[in-house]
Amino acid sequence: MAASALQYAGLLLGGVGMVGTVAVTIMPQWRVSAFIGSNIVVFETIWEGLWMNCMSQANFRLQCKIYDSLLALPPDLQASRGLMCAASVLSILAFLTAILGMRCTKCTGDDDKAKSPILLMAGILFIIVGMMVLIPVSWVANSIIRDFYNPIVDDGQKRELGEALYLGWTTALVMTAGGAILSCVSYLNSESRSYRYSIPSHHTTPRNYHAERKPQSVYSRSQYV
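Residues numbered from 1 in each chain as written. Predicted model: local features only at pLDDT ≥ 70, side-chain atom pairs only at ≥ 80, totals over all residues. Heavy atoms only, no water.

A. Spatial organisation of the state of the cysteines. Applying the stated rule across the entire model yields one disulfide. Through a disulfide, C54 is tied to C64; the S-S separation comes to 2.1 Å. Around the S-S axis, the bridge from C54 to C64 shows a dihedral of about 110° and counts as right-handed. On the criterion of sequence distance, the pair formed by C54 in strand β3 (residues 52-57) and C64 in strand β4 (residues 61-66) is long-range, its members being ten residues apart. Under the relative-accessibility criterion, C64 is labelled partly exposed at 42%. (Disulfide = S-S within 2.5 Å. Helix = DSSP H or I, 4+ residues; strand = E, 2+ residues; numbered from the N terminus. Buried < 20%, exposed > 50% of the residue type's maximum accessible area, 1.4 Å probe, protein only.)

So this is what it looks like as structure tokens:
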């Protein structure tokens, strides 16, 4: 019962992480304009994502433009696009693998020992995806913070951390937790299976003492005379 609950918890966390990975990949709020110094136009907000940049004016008009070329992006966003696309594909693959390894799934049989490697593979994939999400998010955040405190960079070019970065950190944590839970469940299933033993097919019956007693010798009366 506890193993089933852990399986559902790991699958739920992995599903949430999968949705978060796809959302972080699509969201344009990776880099947000900072209102500091001479940049005091607060009614105009600029968002820069992996696929497009958007401009929001007075919170009711939004204009977005897809990047003309991948080479026009800074190196951190170029690498982040590739890593996030790979993470999105692997997250879907890990989620489908976890479904196949669930105890309630009948297409892979009812043997928990046979499903343990499937759950272990899904858990490892979830952990790998968590690391793949964490790397580009932290890389872009480091670039933003470095440019923010760089006095050479103009105030109009400085950016702040966007909502996509915070969602990316949360997604990486959730994905890693789900992968760790599924890996532990697979280990518990294999351990519990190894301790099982089969009941002997034959039952030993107590030996009859009276049947094993050797019969006493019967002597005729003539032998005692």
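The rest of the description comes next.
B. Up close: the nonpolar core. Ranked by internal contacts, the top residues of the largest apolar core, which has 30 residues, are W30, V133 and L165. Of all elements in the fold, only α1 (2-26), α2 (75-100), α3 (112-148) and α4 (163-194) reach the threshold of two or more residues within this core. Per element, the largest residue contribution to this core is eleven residues, and it comes from α3. (Core = buried A, V, L, I, M, F, W, Y, C linked by side-chain atoms within 4.5 Å.)

C. Quick peek at the sheet that holds strand β5 (residues 159-161). Here we have five strands laid out as an open sheet, ordered β4-β3-β2-β1-β5, and antiparallel in their pairing. This sheet does not close on itself; its edge strands, each paired only once, are β4 and β5. Direction aside, the axes of adjacent strands within the sheet are offset by 25° on average. Pairing geometry for strand β2 (residues 44-48) and β3, over five bridges, is antiparallel. Bridge pairing in β3 links E44 to Q57. (Pairing = 2+ DSSP bridges. Axes fitted to C-alpha atoms, helices over the stretch in contact; angles between N-to-C directions.)

D. Up close: the environment of G178. Its place among the elements puts G178 in helix α4. In sequence terms G178 and I124 are 54 residues apart; their C-alpha atoms lie 9.8 Å from each other. The residues touching G178, leaving out its near neighbours within four places in the chain, are G10 and L13. (Contact = heavy atoms within 4.5 Å.)

E. How the structure looks around the pattern of salt bridges. A complete count under the given rule lists three salt bridges for this structure. Across the pair E48 and R31 runs a salt bridge, and its minimum N-O distance is 3.7 Å. With a gap of 17 residues between them, E48 in strand β2 and R31 in strand β1 (residues 31-33) connect regions that are remote in the sequence. Each of the two residues, E48 as well as R31, counts as buried. Of the charged contacts, one joins E48 and R159 as a salt bridge, the two residues approaching to 3.2 Å between their closest N and O atoms. With E48 in strand β2 and R159 in strand β5, this residue pair connects regions lying 111 residues apart in the sequence. In this pair, the class of E48 matches that of R159, namely buried. (Salt bridge = Lys/Arg side-chain N within 4 Å of Asp/Glu carboxyl O.)

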